[in-house]
Amino acid sequence: MNTTSLTATINPGLGVLAVDVNGDVIYVPDGGGGAIGATGITGFTGSIGSTGNTGTTGITGYTGITGNTGSTGSTGSTGLTGSTGYTGSTGTTGYTGNTGTTGVTGITGSTGVTGNTGMTGYTGATGSTGSTGATGTDLNTHWTITGNTGTVDGTNFIGTTDNVPFNIRVNNKRAGRIDSTLANTFFGFKAGNSITKTANTAIGFRALYSDINGHSNTATGYQALYKNTGTTLCCIGNWNTANGTSALENNRLGGGNTACGGTALFLNDTGNYNTATGVFALCTNNGSFNTANGYRALNSNTTGNYNTALGNYADVSVIYGQLHCIVLK
């Protein structure tokens, strides 16, 4: 080490205490104990030795008082706003969800109590009757219930001017009908009451009353052909002629029969092609192809066929007889 002796304390036999260039007190051993000579000329400073180890860090001193805050700098100008970016395309609409189940309908609330009816207002006074209009002029162009005068034959009539059937009613029931389309003619209370087919004629109270599908039947008299029903077939219930009270009254499906006289062929039901002329002629008959002319002629015949009787009471002696001849009595 290099030293610079500024002052020295001599301790014979021990050594010298000296202060080095760094101001530190150091001990220099004595070389023999002789008197210390005069201080020699200071020699050249030797080369600096290597740095010693760093000493232990001293205790940190107290923190000084914080200085005053500097003034805030001025705010810089706002930068330019950037351009707006492009709007993205709209996404595909999602599928519509299933409709939820309809909720149960709530219970209907009870009807409130009906309020009391208000009092009826007073009836206003009856207005005065207007003046009677002038009497109209009777042009005598209508039918009256007491008869008409001044009618012109061939000009005035009761009927229609179009192709619609002419109808007469009594007690609002059928009492007459002329039908140019179906060629039917009915006159009498409920005569031809239900017929829908063609070429029928019924004159008298309930003549042809029950017939619906019959055609080409003629009934004249009280309930003549009353039960006849008729069919759409050729001769079943068709082509019958009944003249007289209850003539052929019970006939239903018989066809081609002719009865002239009260109750002639009265009980005939399904017999065909019979001819009865006279009161009670063939009255109980239900056979076919019989001819009876005269009061009660063949009156007893019921199911016999092909019989001919001429004269009052001309009859067969056996109910089921087959005479095939003329009976005179």
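Predicted model only: the values in this text are computed from it and were never measured.

1. Some points on the overall build of the protein
For step 1, the next point in the chain: Along the protein, the regular secondary structure elements total zero helices and 14 strands.
For step 2, the next point in the chain: Out of the 329 residues belonging to the protein, those deemed buried represent 23%.
For step 3, the next point in the chain: Sequence-distant contacts, at least 24 apart, represent 5% of the contacts inside the protein between residues at least 6 apart.
For step 4, the next point in the chain: With the model as given, the accessible surface of the protein reaches about 23900 Å², and the carbon-plus-sulfur share is 56%.

2. What about the pattern of salt bridges?
For step 1, the next point in the chain: Applying the stated criterion across every chain yields a total of two salt bridges.
For step 2, the next point in the chain: One salt bridge in this structure joins R177 and D179, with 3.5 Å as the shortest N-O distance.
For step 3, the next point in the chain: Of the charged contacts, one joins R252 and D269 as a salt bridge, the two residues approaching to 2.8 Å between their closest N and O atoms. Of the two residues, R252 sits in the loop between β9 (241-243) and β10 (258-260) while D269 sits in the loop between β10 and β11 (275-277), which places them 17 residues apart along the sequence.
For step 4, the next point in the chain: Among the residues examined, R252 registers a relative accessible area of 34% and is labelled partly exposed.

3. Re the pairing of strand β5 (residues 173-179)
For step 1, the next point in the chain: Pairing analysis gives five bridges linking strand β4 (residues 166-170) to β5, with the strands arranged antiparallel. What sits directly across from V170, in β5, is K173.
For step 2, the next point in the chain: As consecutive antiparallel partners, β4 and β5 are separated by two residues, and within that stretch N171 has a phi angle of approximately 55°, a positive value.
For step 3, the next point in the chain: Linking β5 back to strand β6 (residues 184-187) in an antiparallel pair, the connection comprises four residues, with A183 at a positive phi of about 60°.

4. Focus on the confidence of the model for the protein
For step 1, the next point in the chain: On average, residues of the protein score 84 in pLDDT, and 82% of them reach the 70 mark or higher.
For step 2, the next point in the chain: When the criterion is pLDDT under 50, residues 1-10 qualifies, and its contacts beyond four places in sequence or with other chains add up to 16 contacts.
For step 3, the next point in the chain: In this model residues 318-325 is a low-confidence stretch, pLDDT under 50, and it forms 17 contacts with partners more than four residues away in sequence or in other chains.

5. Structural notes on unusual backbone geometry
For step 1, the next point in the chain: Of note, the phi angle at L282 is positive, near 50°, even though the residue is not glycine.
For step 2, the next point in the chain: Among the structural elements, L282 can be located in the loop between β11 and β12 (291-293).
For step 3, the next point in the chain: We classify L282 as buried; its relative accessible area is 0%.
For step 4, the next point in the chain: Even without glycine at this site, Y306 takes up a positive phi of about 60°.
For step 5, the next point in the chain: Of note, Y306 is situated in the loop between β12 and β13 (308-310).
For step 6, the next point in the chain: We classify Y306 as partly exposed; its relative accessible area is 48%.

6. Considerations on the packing of aromatic side chains
The geometry of an aromatic ring pair is captured by two quantities: the separation of the ring centres and the angle between the planes.
For step 1, the next point in the chain: One pass over the structure, following the stated rule, counts seven aromatic pairs.
For step 2, the next point in the chain: Where F189 meets F205, the ring centres are 5.9 Å apart and the plane angle is 15°; that geometry is what we call stacked. Of this pair, F189 sits in the loop between β6 and β7 (201-203) while F205 sits in the loop between β7 and β8 (218-220), and the two are 16 residues apart along the sequence.
For step 3, the next point in the chain: F189 sits in the partly exposed class, given a relative accessible area of 24%.
For step 4, the next point in the chain: Ring centres 5.2 Å apart and planes at 5° place the aromatic pair Y209 and Y226 in the stacked group. Here Y226 lies in the loop between β8 and β9 and Y209 lies in the loop between β7 and β8, a separation of 17 residues in the sequence.
For step 5, the next point in the chain: Relative accessible area serves as the criterion here: at 18%, Y226 is assigned to the buried category.
For step 6, the next point in the chain: Chaining the aromatic ring pairs together yields one cluster made of F189, F205 and Y222.
For step 7, the next point in the chain: Note that R206 overlies the ring of Y209, its terminal NZ or CZ placed 5.6 Å from the centroid.
For step 8, the next point in the chain: The ring centre of F280 lies 4.6 Å from the NZ or CZ of R296, which sits over that ring.

The rules we used
Along every chain, residues carry numbers that run from 1 in the direction the sequence is written. Reporting in this predicted model follows two pLDDT cut-offs: at least 70 for local features of residues, and 80 or more for side-chain atom pairs to be given and counted; totals over whole chains, interfaces and linings ignore these cut-offs and use all residues. Neither water nor hydrogens contribute to the side-chain values; these are computed over all heavy atoms in the structure. In DSSP terms, a helix is any run of H or I states spanning at least four residues, a strand is any run of E spanning at least two, and both are numbered starting from the N terminus. Summary of the burial criterion: residues with accessible area below 20% of their type's maximum are buried, those above 50% are exposed, and those between are partly exposed, where the area comes from a 1.4 Å probe applied to protein chains only. Throughout, a contact is declared for two residues whenever any of their heavy atoms are within 4.5 Å. For the area figures, the Shrake-Rupley method with a 1.4 Å probe applies, and any residue is considered shielded solely by the protein chains shown. Salt bridges are defined by distance alone: a side-chain nitrogen of Lys or Arg within 4 Å of a carboxyl oxygen of Asp or Glu. Here a strand pair is declared whenever DSSP counts at least two bridges between the two strands. The predictor attaches a confidence to each residue, and that confidence, scored 0 to 100, is pLDDT. Within 6.5 Å between ring centres, the rings of Phe, Tyr and Trp (the latter by its six-membered ring) count as paired, and their orientation is classed by plane angle as stacked under 30 degrees, edge-to-face over 60, tilted in between. Note on criteria: charge over ring means Lys NZ or Arg CZ within 6 Å of the ring centre, with the direction from the centre no more than 35 degrees off the ring normal.

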